[in-house]
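# Structure assessment
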Amino acid sequence: MKIFIKSYRIVMFLLYYILKMLQANLSIAFDILSPKMNTSPGFIEVLLRVSSKRDILLFTNLLSMTPGTLSVDINSDQNTLLVHCLYNEDREAVVNEIEQMQDKILKLTV
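Values in this document were obtained by computation on a predicted structure and should not be read as measured data. (Residues numbered from 1 in each chain as written. Predicted model: local features only at pLDDT ≥ 70, side-chain atom pairs only at ≥ 80, totals over all residues. Heavy atoms only, no water.)

## Notes on the overall build of the protein chain
Selection criterion: Strands are runs of DSSP state E lasting at least 2 residues, helices are runs of H or I lasting at least 4, and numbering of each runs from the N terminus. The buried label goes to any residue with under 20% of its type's maximum accessible area, the exposed label to any with over 50%, and the partly exposed label to all in between, with areas taken from a 1.4 Å probe on protein chains only. Contacts are residue-level and defined by heavy atoms, with any inter-residue pair within 4.5 Å sufficient. Reported accessibility uses the Shrake-Rupley method at a 1.4 Å probe radius. Residues are deemed covered only where the shown protein chains occlude them. His is not counted, nor are the chain ends, whereas Lys and Arg count as positive and Asp and Glu as negative. Charge coordinates come from a single atom per side chain, which is NZ of Lys, CZ of Arg, CG of Asp or CD of Glu.
A tally of helices and strands in the protein chain yields three helices and three strands. Secondary structure elements of the protein chain occur, N-terminal to C-terminal, as α-β-α-β-β-α. Along the first, second and third principal axes, the C-alpha atoms of the protein chain reach 55 × 35 × 20 Å. Expressed as a percentage of its 110 residues, the buried residues of the protein chain come to 32%. When contacts within the protein chain are restricted to residue pairs at least 6 apart in sequence, long-range pairs at least 24 apart make up 72% of them. Carbon and sulfur atoms form 65% of the exposed surface of the protein chain, whose accessible area is close to 7,400 Å². In the protein chain, which carries 11 positive and 11 negative side-chain charges, the distance between the mean positions of the two groups comes to 11 Å.

So, in structure tokens, the structure goes:
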């Protein structure tokens, strides 16, 4: 039964990530094609809830592959991630989206 639950979570995560990638790509494409850039770049510090090196690697790579975000640095205690965002107007919304991705990764690795 565990294999079915794990498989379901993997499929749901892939669908979630593909949707996020599509949204981010469309947003970037719209900004590139519009006469005025609507970006508000900035840095955000995010608390890491993923703890193993494998989970941190997965999270930071997936976050960096999403257009508009880039994992910049992890502090020496490996509990805070510095993220550069192109759309940083609503910090709380950006942090919530990043936290949502962490939640999904935590469900995968349990």
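## With respect to the side chain of Ser71
Quick note on the threshold: Distance and chemistry together define a polar contact, namely a pair of N or O atoms within 3.5 Å, with one atom able to donate a hydrogen and the other to accept it when in protein, and with adjacent residues in sequence counting only for side-chain atoms on both sides.
Positionally, Ser71 belongs in strand S2 (residues 69-74). A distance of 3.2 Å separates a polar side-chain atom of Ser71 from the backbone oxygen of Thr60. With near-sequence residues (within four places) excluded, Ser71 lies in contact with Thr60, Leu63, Ser64, Leu81 and Leu82.

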